[in-house]
Amino acid sequence: MASRASASWGEHLSEGFRAFTSLVKQRPYYNPAAGPIPKEMWSVQSVEKGKVALKKVPVPVPEAGEVLVRLQYTPVHPHDINYAMGFVNYGADEIEVPHSIGNEGSGVVVGSGGGLLAHYYCRSMTRVAATSDKAQFWSEYAVASATQTLPLPDSLDSKKGAAAFVNPTASLVILTLAYEGGHKALVISPANSQVGLQTTRGAAYFGLKTVCIVRGEDRVRMLEKDVGVPREQIVRSDVDSFESDLRKAVELTGATIAFDGIAGDVSSTIYKAMPKKADVYYYGNIGGGGVPKELEDKENDPEKFFRLLHAPKWVAESYLRKVKLYYRLSKLLEDKLYTDYAREISLEDKELIDTIHSLGKEYKTGKVLIKMPAADSE
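Residues numbered from 1 in each chain as written. Predicted model: local features only at pLDDT ≥ 70, side-chain atom pairs only at ≥ 80, totals over all residues. Heavy atoms only, no water.

(A) View of helix α12 (residues 352-361). Listed in full, the buried residues belonging to α12 are L352, I353, T355, I356, L359 and G360. One side of α12 carries all its buried residues, which in axial view fall inside an arc of 160 degrees. Across α12 from its buried face, at more than 90 degrees, point the exposed residues D354 and K361. Check the buried side of α12 and you find it contacts β2 (40-48), β3 (51-58), β4 (66-76), α2 (78-84), β16 (343-346) and β17 (368-371). (Buried < 20%, exposed > 50% of the residue type's maximum accessible area, 1.4 Å probe, protein only. Helix = DSSP H or I, 4+ residues; strand = E, 2+ residues; numbered from the N terminus. Arc of directions from axis to C-beta. Contact = heavy atoms within 4.5 Å.)

(B) A look at the sheet that holds strand β15 (residues 304-308). Judged by pairing direction, the sheet is parallel, and its six strands sit side by side in the order β12-β11-β10-β13-β14-β15 without closing on themselves. Every interior strand has two partners, whereas the edge strands, β12 (234-236) and β15, have only one. The sheet shows a mean angle of 15 degrees between the axes of neighbouring strands, taken without regard to direction. Note that strand β10 (residues 185-189) and strand β13 (residues 257-260) share four bridges and pair parallel. Following the sheet pairing, I188 is matched in β13 by F259. Running over the sheet, helix α9 (residues 265-273) touches β10, β11 (209-214), β13, β14 (278-282) and β15 and is turned about 155 degrees from β15. (Pairing = 2+ DSSP bridges. Axes fitted to C-alpha atoms, helices over the stretch in contact; angles between N-to-C directions.)

(C) Region of the structure containing the nonpolar core. Of all hydrophobic cores here, the largest spans 41 residues; its most connected members are L177, L186, L223, F259 and L329. Where this core is concerned, the elements lending two or more residues are α5 (166-180), β10, α6 (194-202), β11, α7 (217-227), β13, α10 (311-316) and α11 (319-332). In terms of residues, this core owes the most to one element, α5, which gives seven residues. What L223 contacts, discounting residues up to four positions off in sequence, is A191, L197, C212, V214, G228, V229 and I234. Listed in part, the 31 residues of the second largest apolar core include V69, W138, A142 and I345. (Core = buried A, V, L, I, M, F, W, Y, C linked by side-chain atoms within 4.5 Å.)

(D) View of the pattern of salt bridges. Applying the stated rule across the entire model yields twelve salt bridges. The salt bridge partner of D238 is R236, with a shortest N-O separation of 3.0 Å. Among the charged side chains, a salt-bridge network with shared partners connects E217, R236 and D238. (Salt bridge = Lys/Arg side-chain N within 4 Å of Asp/Glu carboxyl O.)

In structure tokens:
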């Protein structure tokens, strides 16, 4: 008995020493309670332009200040598809293939590269939402900076936590700009997108009204029934009276700030319908029309500007902004800033690769969620 007790004490001492060394010397540390970490993992990889494949790749090693997350779920965003298919390179001169994909996901921290916060998350095996610009979340494991993780409360499941950053960040930046700018109401387009729905659901928290722009009567009914938006604050962009209807809704709500993700003619109409003194942003180019020619010189107009909103860049400009963003995320993610999924598919499903290729041809099926093997075991 004595020898077994001594061995147990020795094992605990040795484990404690390894954990302390990781914390102080910034060395990788893996929580033994998480079980052995494999050397390789399954990962969806871009293998050539327009083609992805499921491949075995090395499990990433966390660097100082980073954590290793055993992923449970990861969303498929349109920009992920564009990157996977080689349609965009996000500033890189050339992208070597194969390469990994995916900017965010949820799971359990099982490893640390050293550092106080990373070490704490690892030792406690914290369940987190995580994001990283390394584009690697369509995999069984991913690394992220400990400061780019958000601990998930027990009341929030990992499915909702999987998409905690990309769209919710954009929505919170929109709401923060409107609220801190002293505006009473905002215009959001398209209101039926994930960013639009999250912005509309979260507006009441900030005491804001919304004017919602959508296409089709079915989306009007959805906003009325599911989100509770009054009919007079919903405007259809696919009817001849779009501009006049928008002017009425803007006057009714007192909206003095607008955010458009469609661009082109829709941006032009929104700009004309807003008051003489207003702020108008575009945050996307879903329609493919780009910046209207007549608005190209309006970026710094002192009365009514028209400029690009890059949400991550805006957040990164101030540490205080990031702190406030994470606080509000934790408050609103569960019932306001969650993502609606049209389909869930397993990493092990034979149809996964065909599904991704289909999305590369036409992304109109709604948000897809990839389920990892760890989702069933943790």
